[in-house]
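Examination of the molecular architecture
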Amino acid sequence: MVDWPNNLGGVLVLAAITWVAVEIREDGARSIKDAIERQNNDAASQSDADRSDYGRCLDGDRVWDFGARKCRGAAQGRRD
């Protein structure tokens, strides 16, 4: 004879464990997606700020230092 209460209890425990595992996985995926989105937004903001600084730097005798990402003093003369 089949022991229905024990089988039903086992199935319910297995279903609960599976549900918890799925929730943990979805929370982890959501947090990773949010972190990547924050990094992308920060990079876009920094890019906009650098572009604005670059545009203001080109007025006059100043030059943009790409390595330092900032405006430097007067451009040095060319050597011939």
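Criteria and cut-off values
Residues numbered from 1 in each chain as written. Predicted model: local features only at pLDDT ≥ 70, side-chain atom pairs only at ≥ 80, totals over all residues. Heavy atoms only, no water. Helix = DSSP H or I, 4+ residues; strand = E, 2+ residues; numbered from the N terminus. Buried < 20%, exposed > 50% of the residue type's maximum accessible area, 1.4 Å probe, protein only. Contact = heavy atoms within 4.5 Å. Pairing = 2+ DSSP bridges. Salt bridge = Lys/Arg side-chain N within 4 Å of Asp/Glu carboxyl O. Patch = residues over 30% accessible without salt bridge, like charges linked within 9 Å, V, L, I, M, F, W, Y side chains within 5 Å. Areas by Shrake-Rupley, 256 points an atom, 1.4 Å probe, with all protein chains shown as cover. Phe/Tyr/Trp six-rings, centres within 6.5 Å; stacked < 30°, edge-to-face > 60°.

1. Quick notes on unusual backbone geometry
The backbone phi angle of Arg69 is positive, close to 55 degrees, even though this residue is not glycine. Tracing the sequence through the fold places Arg69 in the loop between strand E1 (62-65) and strand E2 (70-74). The class of Arg69 is partly exposed, set by a relative accessible area of 43%.

2. Comments concerning the environment of Asp50
Following the sequence through the fold, Asp50 ends up in helix H1 (residues 4-57). Exposure remark for Asp50: the relative accessible area of 17% places this residue in the buried category. Sequence-wise, Asp50 and Lys70 are 20 residues apart; in three dimensions their C-alpha atoms are separated by 7.9 Å. Excluding residues that lie within four positions of it along the chain, Asp50 makes contacts with Trp64 and Arg69.

3. A short note on the pairing of E2
Two strands pair when backbone bridges link them, and E1 and E2 are joined in this way by 4 bridges, in the antiparallel orientation. Within the sheet, the bridge partner assigned to Arg62 lies in E2 and is Ala74. Taking the residues between adjacent antiparallel strands as the criterion, E1 and E2 are bridged by 4 residues, where Arg69 takes a positive phi near 55 degrees.

4. Describing the pattern of salt bridges
Overall, the coordinates contain 4 salt bridges when judged by the stated rule. Two residues, Arg30 and Asp27, come together in a salt bridge whose shortest N-O distance is 2.8 Å. With Arg30 and Asp27 both in helix H1 and 3 residues apart, this pair spans about one turn of that helix. Note that Asp65 is salt-bridged to Arg72, the shortest N-O span being 3.0 Å. For Asp65, a relative accessible area of 26% translates into the label partly exposed.

5. Here we look at a nonpolar patch on the surface
On the surface, a cluster of nonpolar side chains totalling about 350 Å² of accessible area is made up of Trp19, Val20 and Ile24. Among the structural elements, Val20 can be located in helix H1.

6. Considering the packing of aromatic side chains
Here the distance between the centres and the angle between the planes together describe a pair of aromatic rings. Per the stated rule, a full pass over the model turns up 2 aromatic pairs. Here Tyr54 and Trp64 contribute two aromatic rings whose centre-to-centre distance is 5.8 Å and whose plane-to-plane angle is 90 degrees, an arrangement assigned as edge-to-face. Of this pair, Tyr54 sits in helix H1 while Trp64 sits in strand E1, placing them 10 residues apart in sequence. Taking relative accessible area as the criterion, Tyr54 reaches 26% and is therefore assigned partly exposed. Ring geometry for Tyr54 and Phe66: centres 5.9 Å apart, planes at 45 degrees, overall tilted. You can see Tyr54 sitting in helix H1 and its partner Phe66 sitting in the loop between E1 and E2, a full 12 residues away along the chain.

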